[in-house]
Amino acid sequence: PTDGSVRLDIHDARGRRLRRLLDEDMAAGTHSVVWDGTDTGGRSLPSGVYFTRLVQQGETRTGRMTLLR
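One structure accompanies this document, and this report is about it. (Residues numbered from 1 in each chain as written. Predicted model: local features only at pLDDT ≥ 70, side-chain atom pairs only at ≥ 80, totals over all residues. Heavy atoms only, no water.)

## Focus: the pattern of salt bridges
- In total, this model carries seven salt bridges according to the counting rule given.
- The closest approach of N and O atoms between Asp23 and Arg20, which form a salt bridge, is 3.7 Å.
- Taking the relative accessible area as the measure of exposure, Asp23 reaches 47% and is therefore partly exposed.
- Taking the relative accessible area as the measure of exposure, Arg20 reaches 33% and is therefore partly exposed.
- The salt bridge involving Asp39 is made with Arg43; its shortest N-O contact spans 3.1 Å.
- Looking at Asp39, the relative accessible area reads 10%, which means it is buried.
- Take Arg43: its relative accessible area is 55%, and that puts it in the exposed class.
- Residues joined by salt bridges that share partners form a network here, namely Arg7, Asp9, Arg20 and Asp23. (Salt bridge = Lys/Arg side-chain N within 4 Å of Asp/Glu carboxyl O. Buried < 20%, exposed > 50% of the residue type's maximum accessible area, 1.4 Å probe, protein only.)

Structure follows, in structure tokens:
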């Protein structure tokens, strides 16, 4: 709801961070980010359940998603 620093990470079920998709200041509003299913090294990840962690203004939100290949 307000301008500020935003960080979005993808984690596996063990809690390991696989990829940081976003780490920047953003204006308030609706935004979208596309993940190509790869880790930080560019390796393709297998199908499975992954978790998102969104941190904005000190508030953390988590989500769950399924990657299907």
